Amino acid sequence: MNLIMKVLVATEKAFAPVAVNQIKLVTEAAGYELALLENYKNRSDLINAVENVDALIIRSDLVTAEVLDAAKKLKIVVRAGAGYENIDLAASTVHNVVVMNTPGQNANAVAELAFALMLSQARGGFNGKSGTELRRKSLGIHAFGNVGKHVAEIAKGFGMDVYTFDPFVIEKDIKKYSVKVCNTTEELYSKCQYISLHMPSNEKTNKSIGYDLLKRMPKNAVLVNTARKEVIDEGALLKIFEERPDFQYLADVAPDCIAFFKEKYMGRFIFTEKKMGANTEEANLYACLAAARQIVDFFKTGNEKFRVNK
Ligand code: 3PG
């Protein structure tokens, strides 16, 4: 009987080679076998590849009930990243599969992208005309988790006036970052010219950024979304764009209604073509290293610290 654990890295959008190499080193040192399925195009490729694997490392790849049905030996899935809405948690539990994420490992990369988007917008895409600066502008960090905290630190360096709202983080922990606390989302949106979104996508947050919040933003409002496109109520966003020519939207991946933006609002948005937030060598490296170590630790000691399914 072959007892060597098999770990599969399955990524529609491949990690940087330096990061994959780290997974190789960690898993080989543990005596495991590593398989790679990178840049795959069809769901069937993933379904075929999971057949004999004990552990799976993924990014935003969809782990559906169909994938879990095909993965007869699978014991653990690690999402090398923060968001895990791409994994069917209930089906994983039914299949006795532990699901983990690697929180915080790619947070700085996402925070830096938020500033790359803001700077590019403030300088008009470097078009030769005078732009504006971030210094002394108000920035509202909507949700103060791992990415929000990095955004706060960078914003300080830019001399921005920083606010946040997050009912899940105690005021004392926010104040350590010299960030002003708002008591409601309404207050945050009313105060800040820039709003940067950092909440996960789930039943409560999806479509939660709606007209009532957006209309409160001051003149020359800039909404920055490096979280998930699902959290935006796109109908409300289009309504605001129609009503307020001063409103801009910067997002790490385009909204579903991108055709409207291209047709009517050129120059007022920046959208990445592929999700770019975590796409740095460093972020890939930290997330991959954490994922590989969590798998080895799980098999060797039963550690389930980062488990996200019940
Ligand atoms: C995350 O949830 O960690 C980020 O959105 C990164 O996702 P990606 O690994 O699919 O780029």
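Presented here is an overview of the structure given in this document. As the structure is a computational prediction, the values presented were derived from the model and not from experiment.

Description of the overall build of the protein
So, step 1. Helices and strands together make up the secondary structure of the protein, namely twelve helices and twelve strands.
So, step 2. Relative to a compact globule of 310 residues, whose C-alpha radius of gyration would be 19 Å, the protein shows 21 Å and is just as compact.
So, step 3. In terms of principal-axis extent, the alpha carbons of the protein reach across some 70 × 45 × 35 Å.
So, step 4. Looking at the protein as a whole, 51% of its 310 residues are labelled buried.
So, step 5. A fraction of 63% describes how many contacts in the protein between residues 6 or more apart in sequence connect residues 24 or more apart.

Points about the site of the ligand
So, step 1. Taken together, the neighbourhood of the ligand is formed by K13, R59, S60, R79, G81, A82, G83, N106, R228, K275 and A278.
So, step 2. Contact between the ligand and K13: an oxygen atom at 2.7 Å from a side-chain N or O atom of the residue.
So, step 3. Between the ligand and S60 there is a distance of 2.4 Å, counted from an oxygen atom to a side-chain nitrogen or oxygen.
So, step 4. Its free accessible area being 320 Å², the ligand has 94% of it covered by the protein chains.
So, step 5. Of the residues belonging to the shell around the ligand, the class tally is two nonpolar, four polar and five charged.

Some remarks on the sheet that holds strand β2 (residues 33-38)
So, step 1. Reading across the sheet, the five strands line up as β2-β1-β3-β4-β5 and stay open at both edges, with parallel pairing between neighbours. Each edge of the open sheet is held by one strand with a lone partner, namely β2 and β5 (98-101). Neighbouring strand axes in the sheet, compared pairwise and without regard to direction, differ in orientation by 15 degrees on average.
So, step 2. Pairing analysis gives six bridges linking strand β1 (residues 6-11) to β2, with the strands arranged parallel. Counted as the bridge partner of A10 is L37 from β2.
So, step 3. Sheet strands in contact with helix α1 (residues 17-29) are β1, β2 and β3 (55-58), and its direction is about 160 degrees off that of β2.
So, step 4. Against the sheet, helix α12 (residues 281-301) engages β1, β3, β4 (76-79) and β5, with an angle of about 155 degrees to β4.

Digging into the sheet that holds strand β12 (residues 269-271)
Backbone-to-backbone hydrogen bonds pair the strands of a sheet. The strands run either parallel or antiparallel.
So, step 1. Ordered in space as β8-β7-β6-β9-β10-β11-β12, the seven strands form an open sheet in which the pairing is parallel. Whereas interior strands pair on both sides, the edge strands pair on one side only; in this sheet they are β8 (180-181) and β12.
So, step 2. In the sheet, strand β6 (residues 138-142) pairs with strand β7 (residues 161-165) via five bridges, with the strands oriented parallel. Note on β7: the bridge partner recorded for L139 is V162.
So, step 3. In the packing of helix α5 (residues 107-122) onto the sheet, the strands contacted are β6, β9 (194-197), β10 (222-225), β11 (248-251) and β12, and the crossing angle to β11 comes to about 145 degrees.
So, step 4. This element, helix α6 (residues 146-157), spans β6 and β7 of the sheet and lies at about 165 degrees to β6.

Thresholds, definitions, all that
- Residues numbered from 1 in each chain as written.
- Predicted model: local features only at pLDDT ≥ 70, side-chain atom pairs only at ≥ 80, totals over all residues.
- Heavy atoms only, no water.
- Helix = DSSP H or I, 4+ residues; strand = E, 2+ residues; numbered from the N terminus.
- Rg over C-alpha atoms; globule rule 2.2 N^0.38 Å.
- Buried < 20%, exposed > 50% of the residue type's maximum accessible area, 1.4 Å probe, protein only.
- Contact = heavy atoms within 4.5 Å.
- Near = heavy atom within 4 Å.
- Polar contact = N/O pair within 3.5 Å; in protein donor to acceptor, adjacent residues only side chain to side chain.
- Areas by Shrake-Rupley, 256 points an atom, 1.4 Å probe, with all protein chains shown as cover.
- Nonpolar A, V, L, I, M, F, W, Y, C, P; charged D, E, K, R; others polar.
- Pairing = 2+ DSSP bridges.
- Axes fitted to C-alpha atoms, helices over the stretch in contact; angles between N-to-C directions.

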